[in-house]
Amino acid sequence: MGSNGTVTELQRNSTNWTVVVDEIVKMEKKIFPMHESLARSFDEELKKKSSGLLYIQIHGQVVGYVMYAWPTSLSASITKLAVKESYRGQGHGVALLEAAIKKCRTRTVLRITLHVDPLRTPAVNLYKKFGFQVDTLIQGYYSADRPAYRMYIDFDSK
């Protein structure tokens, strides 16, 4: 991974909470269409005890983040993963996904799910690299004309 980017967990009581969340909201607005963005509810989502956020900061700016949640004791979901365009292809998405999976696994979940636009080939390939499999294609997931793959990875219950 380039330029000293390390994965950091956003702590609810951290002094940089507002700065990091503001930067992520700006990224959300730039990367995702308005109806897919969590920008309006990001702060509320992160305050839930069943969710978490990891981010990478380089030279004082957030260049990528992953948000995850564990709605039940047996399952978790990756709800967002994004890397600024100029920082893609440098291993940041890999580092973020790997860290999020580890965080979810500390809760002994048996399955992690996520949704991804089938046209976002680099994202689909990243998830497959980690063992995620396509479960189904959900028509109209993002909008009337944009479906999503629901992908999952199962873990041994032993």
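What you see is a predicted model, and the numbers here were worked out from it, not measured in a lab. (Residues numbered from 1 in each chain as written. Predicted model: local features only at pLDDT ≥ 70, side-chain atom pairs only at ≥ 80, totals over all residues. Heavy atoms only, no water.)

## Here we look at the confidence of the model for the chain
For clarity, the threshold we go by: pLDDT measures how confident the predictor is about each residue, on a scale from 0 to 100. Under the DSSP-based scheme used, a helix requires at least four consecutive residues in state H or I and a strand at least two consecutive residues in state E, with every element numbered from the N terminus.
For the chain, per-residue confidence averages 87 on the pLDDT scale, and residues scoring 70 or more make up 90% of the total. Between the elements of the chain, mean pLDDT differs from a low of 70, seen in helix α2 (residues 42-47), to a high of 96, seen in strand β5 (residues 111-116).

## Considerations on the pairing of strand β6 (residues 133-143)
Short version of the rule: The criterion for strand pairing is that DSSP finds at least two bridges linking the strands in question.
Across 6 bridges, β6 lies against strand β7 (residues 146-154) in antiparallel orientation. Bridging from a neighbouring strand, S143 pairs with R146 of β7. Where β6 hands over to β7, the hairpin turn is made up of 2 residues, counted between the paired strands.

## Let's talk about the pairing of β5
For clarity, the threshold we go by: Relative accessible area decides the class of each residue, using a 1.4 Å probe on protein chains only: under 20% of the type maximum gives buried, over 50% gives exposed, and in between gives partly exposed. Here is how to tell: hold the view so the strands point away, follow the path from the first strand over the helix to the second, and if it runs clockwise the crossover is right-handed.
Every second residue of β5 is oriented toward a common face, the buried set being I112, L114 and V116 and the non-buried set R111, T113 and H115. Relative to β5, strand β4 (residues 75-83) runs parallel, the two being bridged by 4 bridges. Bridge pairing links I78 to L114 in β5. Crossover β4 to β5 through helix α3 (residues 92-105) is right-handed.

## With respect to the packing of aromatic side chains
Our working definition: In summary, the pairing rule links any two rings of Phe, Tyr or Trp, Trp by its six-membered ring, whose centres are within 6.5 Å, and it sorts them by plane angle into stacked for under 30 degrees, edge-to-face for over 60 and tilted for everything else. Look at NZ for Lys and CZ for Arg. If either is within 6 Å of the ring centre and within 35 degrees of the ring normal, a charge sits over the ring.
Tallied over the full model, the rule gives 3 aromatic pairs. Here the aromatic rings of Y141 and Y142 are separated by 4.9 Å at their centres, their planes lie at 90°, and the arrangement is edge-to-face. Geometry around F155 places R105 over its ring, the cationic atom sitting 3.9 Å from the centre. Across from the ring centre of Y152, 4.1 Å away, lies the NZ or CZ of R111, which sits over that ring.

## Comments concerning the nonpolar core
Convention followed: What makes a nonpolar core is a set of buried Ala, Val, Leu, Ile, Met, Phe, Trp, Tyr and Cys residues whose side-chain atoms join them at distances within 4.5 Å. We call two residues in contact when some of their heavy atoms are within 4.5 Å.
I78, L97, I112, Y127 and F132 are the most contacted members of the largest nonpolar core, which totals 31 residues. Put simply, the parts of the chain that give this core at least two residues each are β2 (51-58), β3 (61-69), β4, α3, β5, α4 (121-129) and β7. Setting aside chain neighbours within four positions, we find I112 in contact with A76, S77, I78, I101, C104, F132, M151, Y152, I153 and F155. Residues V25, I31, L53 and Y55 belong to the second largest nonpolar core, which totals 16 residues.

## Some details on the pattern of salt bridges
Formally: Each salt bridge in this description consists of a side-chain nitrogen of Lys or Arg and a carboxyl oxygen of Asp or Glu lying within 4 Å of one another.
Counting across every chain of the model gives 5 salt bridges. Of the charged contacts, one joins E28 and K80 as a salt bridge, the two residues approaching to 3.4 Å between their closest N and O atoms. Of this pair, E28 sits in helix α1 (residues 17-31) while K80 sits in strand β4, and the two are 52 residues apart along the sequence. Both residues of the pair, E28 and K80, belong to the buried class. A salt bridge links R111 to D154; the shortest N-O distance between them is 2.6 Å. One end of the pair, R111, is in strand β5; the other, D154, is in strand β7, and 43 residues separate them in sequence.

## So, the side chain of K80
Where we set the bar: Counted as a polar contact is a pair of N or O atoms within 3.5 Å, where, for protein atoms, one must be capable of donating a hydrogen and the other of accepting one, and residues adjacent in sequence contribute only when both atoms are in side chains.
The exposure class assigned to K80 is buried, which follows from its relative accessible area of 8%. A polar contact is formed between the side chain of K80 and the side chain of E28, at a distance of 3.4 Å.

## Describing the sheet that holds β4
Applicable threshold: Axis definition: a line fitted to C-alpha atoms, over the contacting stretch in the case of helices. Angles run 0 to 180 degrees between N-to-C directions.
Judged by pairing direction, the sheet is mixed, and its 7 strands sit side by side in the order β1-β2-β3-β4-β5-β7-β6 without closing on themselves. Strands with a single pairing partner mark the edges of an open sheet, and in this sheet they are β1 (6-9) and β6. The mean inter-strand angle of the sheet, taken between neighbouring strand axes irrespective of direction, is 25°. Alignment of β3 against β4, held across 6 bridges, turns out to be antiparallel. Note that in β4 the partner of Y68 across the bridge is I78. On the sheet, α1 packs against β2, β3 and β4 and is oriented at approximately 85° with respect to β3.

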